[in-house]
Amino acid sequence: MEIEKVDASVRTDHRRGLPPSGFSMNLVQVISAMALWMPFALFLPSPVYASTSDKSTPRPNIIVILADDLGYGDLSCYNSKCAYKTPRLDRMAKEGVRFTDAHSPSTICSPSRYGLFSGNQIYRSTGRGGGAFEGPGGPSYLKPGTLTIGQMLQEQGYRTGVFGKWHVGLSWFDKDGKRLGGGFENSLLIDYEKSTPLIDGPNQRGFDQSFITPNCPNTDPLYVYIDNGMVPVPASQRHDRNSLPNPGGKWRWDNDEGWKSPDYNFMNADLLFYEKTKTFITDHRRNTPNKPFFAVLSTQITHAPVLPADEFNSATQAGPRGDFVYELDTLVGKTLDLLQELGIDDNTLVLFNSDNGAETLHVDWMRRDHQHDASGGWRGMKRDGWEGGHRVPFIARWPGHIPAGRVTTQMTNTTDIFATLASIVGYKLPDDAAVDSFDMLPAMLGTVEDDAPIRPHMLTQSFRGEFQIRQGDWKYLDHTGSGGNSYARGMMKEYALPELAPEAPGQLYNLKADPGETQNLFFSEAAKRIELQSLLRQLKSSGRSAPRGRQPVSEIPQQLIVPPSALLQIVDCCAICYCPASPRRGADMRGLITAVEGLSVSSLDWAPLRAIIEENQTFLITSHVRPDADALGSELGMAAILQAFGKTATIVNATSPPTTLHFLNPDGGILKLNEDIPRDKLPDVDVHIVVDTSAWQQLGAMADVVQKAGKKRVVIDHHVSSDNMGATEFKDVQSAATGELIYDAACFLGVTFDATVASALYAAIATDTGWFRFPSTSGDTMRTAAALMELGAEPHELFRLLNEQKSLPRMHLKGRVLARMTTLCDNRLAWIYVDKQDLDETKSVPSDTEGLVNECLTLAGVEAAFIAVQLPSGMIKFSLRCRPPHDVAALAENFGGGGHKLASGATLEGPLTEASSKVLAKFTEMMSDSSGE
């Protein structure tokens, strides 16, 4: 086989969605092409667009207003039972879009603010969680080399400013030049001459102008103002909390008595931050009116202590905290009014967000005193991994662009602000930047429906740094309890709920069925839990959760949007008309469609695989027993990748493939242990690579080889079920086949395949999707298949080899077995069996049983089926199949097996009758549960 290692830029154009080199078209050319080649197509209305790539198009001014400890239920536009009104924020929501499934990246201040400025989870900076800084705490979570949101916008011509609470860490030094740590007393050790201008303050992290406090302005001292990296008045006085009012006799709580500068003003902190923001905007408009600006107004409302400015005392009937929120609402209104006064309202995007849920005592006091639920009905509070700790308000307003009155259920995170703004300003994010940030602009504009989620998953972290992961309605918490607060003592005991699965080391909830997170499904929904655990491991180890190759939206509609389906038709025309030199135009078309949709096959980060390949020389590749086409194709594809890098690759499996798949191994390069190669003759390799399984049992005799060798291990798999193999995992349960992942890896690594390997990978994908019939088949799957065809795979020939080469004994066996098919559960369950006598009398072999179980599902009304096959060893092999909503992966786990929800397998000890009875009992139980019996 011929293997070619191609230039990475070619791979990037083809796989990551960039048009081919030299390809250039404008919208007029595209529509012209459509008219030429599709005269029968419907004419589309002409939208008005603002191009993000055209330097002459005015880019919007951008303002982010960040609240502090503001819960989901703290605004009247989110909470119909709110104890007060927030008229300006309600109006902002009516004039823009309101997100109802928005989340902070962490459940405390500092890590969430890091998420806003970096587009990353705090785990990417610390390798764990991150605390809230106090005193001269630092250094900054924004490490050198981290692209910040300010730097990104500076590169696009913006003047940037941040005003208010910073709280992502700063470097302070004593007189000897030693970096200080947090702590109140250390504030007196600061040498301001050595410490300023700050080496990791806002002005060194992408902001042209800044006026900030290092930590929370009214707690977590030190209490000083920092103006463009300098401290005009150092901290020299000890703060006495009794010098401040104590609203309601309790709301001054958490006002720490640290060191402050003599001119520090606790009561008017947020008024000061607003005035600094206003000055920045008005000066900028006066001096450089043709240049856009980016401003962050980072308030401390409603963080403890609750100290509203004097003019807002008794502004509501909901006590000091209600007054505090009303102050915030007023400042938002003043900001919007300022835009009107300056005549820039229509060209300014304003975002409003909160850094985490509401403080514990605040939730309790507001519930008791004013019947107001700051958590908005969600379980948990600040610091907790439950929804109340991180589900927050998020509102976006951009007149003329974001339709007024939109409400969206699209799941989003504060980290997404980064990629969204990058899209708006036409900035292509590098793959190593904002690695947890998704572009939510389509959700804001209303160009995607809510039932087409932008985010396939979302990470959050609680107070202790522990992870939570969302996937649709499912939420997995990788910890016990809240992940933050203790509910075992004090007033928190009142909010403790009984733990229904006390032995579970984690929590699994379906938020659609159980929004209160009361029913822990850790054990009862084991398949989903394992899937999310695997996904969480992958998103942590891969170094990213966002897709690669993110592209900014090229044109932002101001009135009308062309439907995505029409865009795909246009792209199809582009491929036909403008790629005449391409010998087979489909490859170029595939790259273009990917560019429009912003898709990639998986969100895996293949960089660690590149490092492993480059650092080692010899590799052994293996897969599961009785390898199918996906296993064999993936092995051949992986070997081709290694050979392209000049490495030595050996493929060895515990058992031979069925005779129907021998055509995939024409040169005998796939070896069988102890038959083609004795165990003591196996090469002493550097790395073992396991493909298409991550379960030890499924490796057969090769499991012992891999375990005892103690070498570096790599796993590439798409199955839900998994063991801890102590390997570097590349796992994506959303992919239709492992072969799809191998192709994705090759594209990342700059490797292309010859026709033999392309055919093997096509067979891998086609057979694992039932020739693209199964629900796992996606648009990405079809595009990968198309690309493999361009490399020489011929579907008609592969179908003939795989499906039209049946032996006469197999035909006899099929008729014999199907004739005695048994149906149960009102004919919704079907099962068949094959024993040793069947094989002997029809002169068949066990591999002739492959695919027979699928025949059962062709019977009208059948929802689930299985086949039991007695192997020569006496073991009983079960193949399990079902239709949604059933889950045979969870069923297979009862017997040490696994696979997919709709297709799984397991092997049990005989005899056949006893083993079949066990499996049948579980199937009957599953069918009864689904029918409500």
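Everything discussed here concerns the structure shown above.
Bear in mind the structure is a predicted one, so any value in this text is a computation, not a measurement.

### Observations concerning the overall build of the chain
Stage number 1. Counting secondary structure elements, the chain contains 28 helices and 33 strands.
Stage number 2. Sorting the 933 residues of the chain into buried and exposed places 58% on the buried side.
Stage number 3. Within the chain, residue pairs in contact and separated by at least 24 positions form 72% of the contacts whose partners lie at least 6 positions apart.
Stage number 4. Of the roughly 35,300 Å² of accessible surface on the chain, 51% is carried by carbon and sulfur atoms.

### Considering the nonpolar core
Stage number 1. The biggest cluster of nonpolar side chains holds 61 residues, and the ones touching the most others in it are Phe117, Met152, Trp172, Phe294 and Leu421.
Stage number 2. The dominant element in this core, judged by the number of residues it contributes, is helix H12 (residues 416-425), at 7 residues.

### With respect to helix H19 (residues 701-709)
Stage number 1. Every buried residue belonging to H19 is among Met702, Ala703, Val705 and Val706, and all of these are buried. On an axial view of H19, the arc spanned by its buried residues comes to 165°, and they lie on one face.
Stage number 2. On its buried side, H19 packs onto strand S21 (618-622), strand S22 (648-653), strand S24 (687-691) and strand S25 (712-717).
Stage number 3. Positive backbone phi, at 65°, marks glycine 710, one or two positions downstream of H19.

### Comments concerning the pattern of salt bridges
Stage number 1. Overall, the coordinates contain 47 salt bridges when judged by the stated rule.
Stage number 2. Ionic pairing is found between aspartate 68 and arginine 113, a salt bridge with its closest N-O pair at 3.5 Å. Remark: arginine 113 occurs in helix H4 (residues 109-118) and aspartate 68 occurs in the loop between strand S3 (61-67) and helix H3 (87-94); sequence separation between them is 45 residues. Of the two residues, aspartate 68 and arginine 113, both sit in the buried class.
Stage number 3. Residue aspartate 345 pairs with arginine 397 through a salt bridge whose shortest N-O separation is 2.7 Å.

### Here's the deal with the sheet that holds strand S8 (residues 226-227)
Stage number 1. Read across the sheet, 9 strands follow the order S8-S7-S6-S11-S3-S12-S13-S4-S14 without closing on themselves; strand pairing throughout is mixed. Only two strands of the sheet have a single partner each, and these edge strands are S8 and strand S14 (406-408).
Stage number 2. For strand S6 (residues 159-165) and strand S11 (residues 293-298), the ladder comprises 6 bridges, and the chain directions are parallel. Following the sheet pairing, threonine 160 is matched in S11 by phenylalanine 294.
Stage number 3. On the sheet, H4 packs against S3, S6 and S11 and is oriented at approximately 170° with respect to S3.
Stage number 4. Where helix H8 (residues 269-287) meets the sheet, its contacts fall on S3, S6, strand S7 (209-213) and S11, and the angle it forms with S11 comes to roughly 175°.

### Considering the side chain of glutamine 468
Stage number 1. Position of glutamine 468 relative to the elements: it lies in strand S17 (residues 467-471).
Stage number 2. Only 3.1 Å separates the side chain of glutamine 468 from the side chain of histidine 479, close enough to count as a polar contact.
Stage number 3. Residues within four places of glutamine 468 in sequence aside, it is in contact with Gly385, His390, Met458, Leu459, Thr460, Gln461, Ser462, Lys475, Tyr476, Leu477 and His479.

### Remarks on the sheet that holds strand S29 (residues 829-834)
Stage number 1. Read from one edge to the other, the open sheet built from 6 strands follows the order S28-S29-S30-S31-S33-S32, with strand pairing classed as mixed. At either end of the open sheet lies a strand with only one pairing partner, and these are strand S28 (822-824) and strand S32 (898-899).
Stage number 2. The pairing of S29 with strand S30 (residues 864-870) spans 6 bridges and is parallel. Opposite alanine 830, over in S30, you have alanine 865 as the bridge partner.

### Details of the packing of aromatic side chains
Stage number 1. One pass over the full model with this rule turns up 30 aromatic pairs.
Stage number 2. With centroids separated by 4.8 Å and ring planes inclined at 25°, the aromatic side chains of tyrosine 225 and tyrosine 264 adopt a geometry described as stacked. Pair noted here: tyrosine 225 is in the loop between S7 and S8 and tyrosine 264 is in the loop between strand S10 (259-260) and H8, with a separation of 39 residues, a long-range link.
Stage number 3. Owing to a relative accessible area of 12%, tyrosine 225 belongs among the buried residues under this scheme.
Stage number 4. On the basis of relative accessibility, which here comes to 7%, the residue tyrosine 264 falls in the buried class.
Stage number 5. Three or more aromatic residues link up through ring pairs in this structure, and these residues are Phe211, Tyr223, Tyr225, Tyr264 and Phe266.
Stage number 6. Above the face of the tyrosine 78 ring, arginine 98 is positioned so that its terminal group lies 4.9 Å from the ring centre.

### Comments concerning the environment of isoleucine 742
Stage number 1. Locating isoleucine 742 in the fold gives a position in helix H20 (residues 738-749).
Stage number 2. The exposure class of isoleucine 742 is buried, given its relative accessible area of 0%.
Stage number 3. It is 9.3 Å that separates the C-alpha atoms of isoleucine 742 and aspartate 717, two residues lying 25 residues apart in sequence.
Stage number 4. Filtering out sequence-adjacent residues up to four positions away, isoleucine 742 remains in contact with Ser634, Gly637, Met638, Ile641, Ile716 and Leu761.

### Things to note about unusual backbone geometry
Stage number 1. Of note, the bond from glycine 138 into proline 139 is cis; its omega dihedral lies within 30 degrees of zero at 0°.
Stage number 2. Along the chain, proline 139 falls in the loop between helix H5 (123-126) and helix H6 (149-155).
Stage number 3. A cis amide bond, omega -5°, links threonine 196 with the succeeding residue proline 197.
Stage number 4. Mapped onto the elements, proline 197 comes out in the loop between helix H7 (192-195) and S7.
Stage number 5. Although it is not a glycine, phenylalanine 772 adopts a positive phi angle of roughly 70°.
Stage number 6. For phenylalanine 772, the position within the fold is in the loop between helix H21 (755-768) and helix H22 (779-790).
Stage number 7. On the accessibility criterion, phenylalanine 772 (19% relative accessible area) is buried.
Stage number 8. Notably, asparagine 827 is not glycine yet its phi reads approximately 65°, a positive angle.
Stage number 9. Relative to the assigned elements, asparagine 827 resides in the loop between S28 and S29.

### Description of the side chain of serine 916
Stage number 1. The residue serine 916 is located in helix H28 (residues 912-931) in this model.
Stage number 2. Judged by its relative accessible area of 5%, serine 916 is buried.
Stage number 3. Apart from the residues lying within four places of it in its own chain, the contact partners of serine 916 are Trp831, Phe866, Ala868 and Phe878.

### A word on the pairing of S29
Stage number 1. For S29, the buried fraction is high: 5 of the 6 residues fall into the buried class.
Stage number 2. Relative to S29, S28 runs antiparallel, the two being bridged by 3 bridges. Each residue of the ladder has a partner; that of threonine 822, found in S29, is tryptophan 831.
Stage number 3. Hairpin connection between S28 and S29: a loop of 4 residues separates the two successive antiparallel strands, and cysteine 825 in this loop has a positive phi of roughly 55°.

### Description of the pairing of S17
Stage number 1. With 5 of 5 residues buried, S17 is to be regarded as a mostly interior element.
Stage number 2. Burial along S17 is two-sided: the residues Phe467, Ile469 and Gln471 and Gln468 and Arg470 are all buried.
Stage number 3. One ladder, built from 4 bridges, connects strand S16 (residues 458-461) with S17; its direction is antiparallel. Residue pairing across strands places leucine 459 opposite isoleucine 469, the latter belonging to S17.
Stage number 4. Two successive antiparallel strands, S16 and S17, enclose a turn made up of 5 residues, where glycine 465 displays a positive phi of approximately 85°.
Stage number 5. The pairing of S17 with strand S18 (residues 474-477) spans 4 bridges and is classified as antiparallel. Bridge pairing links glutamine 471 to tryptophan 474 in S18.
Stage number 6. The turn joining S17 and S18, which pair antiparallel and follow one another in sequence, is formed by 2 residues; a positive phi near 60° is taken by glycine 472.

What counts, and at which threshold
Residues numbered from 1 in each chain as written. Predicted model: local features only at pLDDT ≥ 70, side-chain atom pairs only at ≥ 80, totals over all residues. Heavy atoms only, no water. Helix = DSSP H or I, 4+ residues; strand = E, 2+ residues; numbered from the N terminus. Buried < 20%, exposed > 50% of the residue type's maximum accessible area, 1.4 Å probe, protein only. Contact = heavy atoms within 4.5 Å. Areas by Shrake-Rupley, 256 points an atom, 1.4 Å probe, with all protein chains shown as cover. Core = buried A, V, L, I, M, F, W, Y, C linked by side-chain atoms within 4.5 Å. Arc of directions from axis to C-beta. Salt bridge = Lys/Arg side-chain N within 4 Å of Asp/Glu carboxyl O. Pairing = 2+ DSSP bridges. Axes fitted to C-alpha atoms, helices over the stretch in contact; angles between N-to-C directions. Polar contact = N/O pair within 3.5 Å; in protein donor to acceptor, adjacent residues only side chain to side chain. Phe/Tyr/Trp six-rings, centres within 6.5 Å; stacked < 30°, edge-to-face > 60°. Lys NZ or Arg CZ within 6 Å of the ring centre and 35° of its normal.

Geometric descriptors of this kind do not, in isolation, establish any biological role.
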